[in-house]
Amino acid sequence: MLDDDDRALAHAMSRYLETVNRVVAADRAGERTRLGEEVSAHLGVDATTLPVTTETLSAHRYVDADIALDELTERGGGRLIGVTGGEQRLHVSASELLSGPYSHFAPGPVSYESRDVSATAQRRVVSFGVRLLRFDGHPLAIVQRSANPRSMPAQPQLEVIGADPDATAAALAEIRRLMIERSVLRGQVLSFVPTEYGHEAGATFLPRPDVSADDIVLGEGVLQRIVDHVVGIGDHREALRAAGQHLKRGVLLYGPPGTGKTLTVRHLLARTPGTTAVVLTGSSIRFVTAAAEIARTFAPALVVLEDIDLVAADRGFSPEPVLFDVLDALDGLEPDADIAFVMTTNHVQILEEALAARPGRVDLGVEIPLPDDADRRRLFRRYAQGLPLSAEALEAAADRAQGTTGSFAKELLRGTVLRAALRGDEAPTDDDLAVTLDELLASGAALTRVLLGTRSETSPSAHAATLVGHAPFVPHPGGPHLQVSPFGDLGYHDETDRRWVAFDTVDQDADEPVVDTTEPTHELSFPMPVWHAVYGTLDNTGSVERVGGDPVVAARTERLMGAGSTAAARHPGPLAPTGWPLDDAELVVPLADGDEEFLVEILAASQRVTRGILADPDLPDHARREQEDSLAHGAKALRFVAARLLD
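How each quantity is defined
- Residues numbered from 1 in each chain as written.
- Predicted model: local features only at pLDDT ≥ 70, side-chain atom pairs only at ≥ 80, totals over all residues.
- Heavy atoms only, no water.
- Helix = DSSP H or I, 4+ residues; strand = E, 2+ residues; numbered from the N terminus.
- Buried < 20%, exposed > 50% of the residue type's maximum accessible area, 1.4 Å probe, protein only.
- Contact = heavy atoms within 4.5 Å.
- Areas by Shrake-Rupley, 256 points an atom, 1.4 Å probe, with all protein chains shown as cover.
- Axes fitted to C-alpha atoms, helices over the stretch in contact; angles between N-to-C directions.
- Parallel < 35°, antiparallel > 145°, perpendicular 65-115°, else oblique.
- Nonpolar A, V, L, I, M, F, W, Y, C, P; charged D, E, K, R; others polar.
- Phe/Tyr/Trp six-rings, centres within 6.5 Å; stacked < 30°, edge-to-face > 60°.
- Expected span 1.5 Å × (residues − 1).
- Polar contact = N/O pair within 3.5 Å; in protein donor to acceptor, adjacent residues only side chain to side chain.
- Pairing = 2+ DSSP bridges.
- Left-handed = near helix turned anticlockwise from the far one by under 90°.
- Core = buried A, V, L, I, M, F, W, Y, C linked by side-chain atoms within 4.5 Å.
- pLDDT = per-residue confidence, 0-100.

### Here we look at the overall build of the chain
- Looking only at helices and strands, the chain has 20 helices and 21 strands in total.
- Per-residue burial over the chain gives 46% buried out of 647 residues.
- Across the chain, contacts joining residues at least 24 apart in sequence account for 71% of those joining residues at least 6 apart.
- For the chain, the accessible surface area stands at approximately 31400 Å², while carbon and sulfur atoms represent 52% of it.

Now the structure itself:
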């Protein structure tokens with residue numbers, strides 16, 4: 001223990017040391033670091049007395065900035081130096097790099113990193129360095145930083161130091177001009193994903209597809225009409241401008257899944273070499289503002305928004321902030337900008353009317369319907385090229401698969417080849433084709449069939465079909481499911497006799513839809529990430545149309561989704577803006593007997609479909625990443641529900 005005299009001495013020593021620190025700091029206030037000495041020698045004036053002009057860059061434009069700075073440095077007879085000082089240099093401004101009594105920043109090796117400049121090439125860029133150069137005779141220093149999660153802010157930056165403010169402003173203007181003129185983005189096919197450092201858009205380069213018109217089977221004149229609007233306007237831009245006509249245009253391709261909308265988009269990309277294209281799908285559509293900026297800067301350009309209904313559904317159905325970004329992007333471009341927006345949707349009936357409310361948003365809508373009999377036969381022949389299958393077998397299979405799409409035909413022929421390979425044969429036979437088709441048309445493949453693309457005679461908005469004139473069809477756990485065949489017949493698949501059992505008469509005008517009123521018998525606590533995967537699968541399975549015309553399955557999924565929504569409304573904890581509990585919470589959902597088995601069935605079916613999609617070697621990288629994420633989330637949900645069955 002200290003006595004009073006010792007305590008007083010300690011306080012006196014503390015005050016003395018504080019005074020020493022203030023005196024030393026004051027004496028060294030103007031002291032420059034070794035880096036500051038180097039920069040001051042280049043500028044011919046004390047660099048610590050000069051203002052710093054900061055330019056913040058988008059992550060996807062950083063390579064362009066590096067190219068522009070290389071040219072400016074070479075033109076001005078400059079040089080590039082690095083900075084020592086470890087991680088501390090990432091946390092301080094340019095002014096602090098140049099001065100400070102306790103800093104040890106000095107010239108050192110330059111830090112580099114690799115960045116993509118195309119789908120197949122990379123460039124080494126400066127991640128941290130200082131450029132000493134002359135611009136129009138004026139010495140300048142430019143601190144160059146790439147994005148870094150450990151720095152604040154995390155975005156790339158240029159910090160320009162110079163004695164002449166006009167020269168500094170002129171140098172930045174020249175850098176911006178060179179970034180456009182020398183850009184690696186011009187003429188490329190791009191997509192956007194969140195950067196690894198946050199939610200900012202990072203560009204991903206995609207190979208330009210090679211899809212010819214011969215690869216697409218659509219109705220007479222449909223493809224040409226789309227090409228004329230998207231490509232033809234660009235080909236004749238000067239004549240249209242001279243006549244005072246606008247060039248900006250929007251095209252909406254709509255129709256069932258698997259009919260060729262995405263393939264048509266890929267053909268448009270192949271038909272426009274040298275045109276800058278941005279392809280956004282799924283969650284990446286939220287980067288539409290960045291896409292519009294790229295299109296405006298590097299026109300002529302093409303912006304593709306696939307599955308636009310995910311963000312542009314009628315605001316009365318689903319308020320979605322991204323919708324306003326889409327509308328702003330469509331409205332914010334000059335009429336004479338040679339930019340085409342191409343949108344696709346499987347659900348045109350729920351799209352926001354504002355998308356088509358004025359020219360320049362959507363001024364051409366084209367339906368991509370299910371193929372007719374002749375086109376379906378053409379599709380089967382196309383995907384069977386090189387296979388030893390008879391023309392008679394292919395035509396018979398095409399006729400049996402009435403109401404299906406090109407995706408269905410493609411999967412059918414792949415499954416036919418796989419069946420032979422698993423048997424050890426190099427070539428499939430007509431019997432392989434017939435058996436594979438039987439499997440895809442079977443009851444158990446209803447979800448796969450619908451996701452590949454089939455016609456259903458029933459829709460979510462139509463009256464549910466009910467049986468008349470026969471004993472009622474009573475579904476039971478493990479029993480057959482009522483469904484609509486690819487021919488439009490109502491009935492079920494008898495697994496015992498391996499045959500289709502059709503009902504003779506169907507009343508399509510019944511007033512009452514099938515509703516599942518099964519009372520819950522127990523509860524299951526779902527971790528929220530698992531529930532989101534389950535709910536998404538239920539949502540993809542929930543309508544009669546999506547389950548091959550099976551109103552019983554549709555009614556059960558609707559009951560389960562409603563049970564989850566009710567559970568969320570009663571959740572005692574905080575809710576996310578989406579209305580669901582937070583991701584670290586659990587949702588207690590009431591279930592009925594057999595619901596776990598049902599969830600395992602649909603989750604497993606969804607996994608099989610996703611794996612089938614991933615097996616496509618032509619699947620774009622961005623779509624592959626999304627499907628891989630879906631597969632991972634679905635696997636966790638499947639394991640969770642399956643484990644509950646074993647408890």
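Structure shown, so let's carry the discussion forward.
### Let's talk about the packing of helix H13 (residues 391-400) against helix H15 (residues 430-441)
- Contact geometry of H13 with H15 gives a least axis separation of 10 Å together with a crossing angle of 10°. When the axes of H13 and H15 are compared, the pair comes out roughly parallel. Note on element contacts: H15 touches H13 through Asp430, Leu433, Ala434, Leu437, Asp438 and Leu441, opposite Ala393, Leu394, Ala397 and Arg400.
- In the contact of H13 with H15, the residues fall into 7 nonpolar, no polar and 3 charged.

### With respect to the packing of aromatic side chains
- Overall, the coordinates contain 6 aromatic pairs when judged by the stated rule.
- When the centroid spacing of 6.1 Å and the interplanar angle of 55° are considered together, the rings of Trp531 and Tyr535 count as tilted. Linking Trp531 with Tyr535, this pair stays in helix H17 (residues 528-541), spanning 4 residues, or about one helical turn.
- Judged by centre distance (5.1 Å) and plane angle (70°), the ring pair of Tyr535 and Trp580 falls under edge-to-face.

### Notes on helix H14 (residues 406-423)
- Between its first and last C-alpha, H14 extends 26 Å over 18 residues, near the 26 Å set by a 1.5 Å rise per residue.
- Considered for burial, the residues of H14 that qualify are Gly406, Phe408, Ala409, Leu412, Leu413, Gly415, Thr416 and Ala420.
- Sitting at the amino-terminal end of H14 is Thr405, which places a side-chain oxygen 3.3 Å from the backbone nitrogen of Ser407.
- Where H14 terminates, the next one or two residues include Gly424, which has phi positive at roughly 100°.

### What about the pairing of strand S4 (residues 111-116)?
- Across 6 bridges, S4 lies against strand S5 (residues 122-135) in antiparallel orientation. Opposite Tyr112, over in S5, you have Val126 as the bridge partner.

### What about the packing of H14 against H15?
- Put simply, H14 and H15 touch, their axes get as near as 9 Å, and they point 120° apart. Classified by the angle between their axes, H14 and H15 sit oblique to one another. The handedness of the crossing between H14 and H15 comes out as right-handed. Counting all contacts with H14, which are made through Phe408, Leu412, Gly415, Thr416, Arg419, Ala420 and Arg423, the residues of H15 involved are Asp432, Leu433, Val435, Thr436, Leu437, Glu439, Leu440 and Leu441.
- A class-by-class count of the residues in the contact of H14 with H15 yields 8 nonpolar, 3 polar and 4 charged.

### Some remarks on unusual backbone geometry
- Cis geometry is adopted by the peptide bond preceding Pro300, which originates at Ala299 and carries an omega value of 5°.
- One non-glycine residue, Asp136, lies in the positive phi region at around 50°.
- On the secondary structure map, Asp136 appears in the loop between S5 and strand S6 (138-145).
- On the basis of relative accessibility, which here comes to 63%, the residue Asp136 falls in the exposed class.

### Examining the side chain of Thr404
- Looking at the element boundaries, Thr404 is found in the loop between H13 and H14.
- Residue classification places Thr404 among the buried residues on the basis of a relative accessible area of 0%.
- A polar contact of 2.6 Å, which involves the side chain of Thr404, links it to the backbone oxygen of Ala401.

### Here we look at the nonpolar core
- Counting 49 residues, the largest nonpolar core has Ile175, Phe192, Leu280 and Leu305 as its most contacted members.
- Per-element accounting of this core gives the leading share, 7 residues, to helix H3 (residues 62-75).
- In terms of nonpolar packing, the next biggest core, distinct from the first, is built from 26 residues, Ala563, Ala567, Trp580 and Leu599 among them.

### Regarding the confidence of the model for the chain
- Averaged over every residue, the pLDDT of the chain is 79; the share at 70 or more is 77%.
- Within the chain, no element has a lower average pLDDT than strand S15 (residues 466-467), which sits at 28, and none a higher one than H3, at 95.
- Contacts from residues 456-490, a stretch scored under 50 in pLDDT, to residues over four places away or in other chains number 90 contacts.

### Overview of the environment of Asp432
- Within the secondary structure, Asp432 is located in helix H15.
- Classification of Asp432 as buried rests on a relative accessible area of 5%.
- Between the alpha carbons of Asp432 and Gly415 there is a distance of 8.7 Å; along the sequence they are 17 residues apart.
- Leave out the neighbours within four places in its chain, and Asp432 touches Thr416, Arg419, Ala420 and Arg423.

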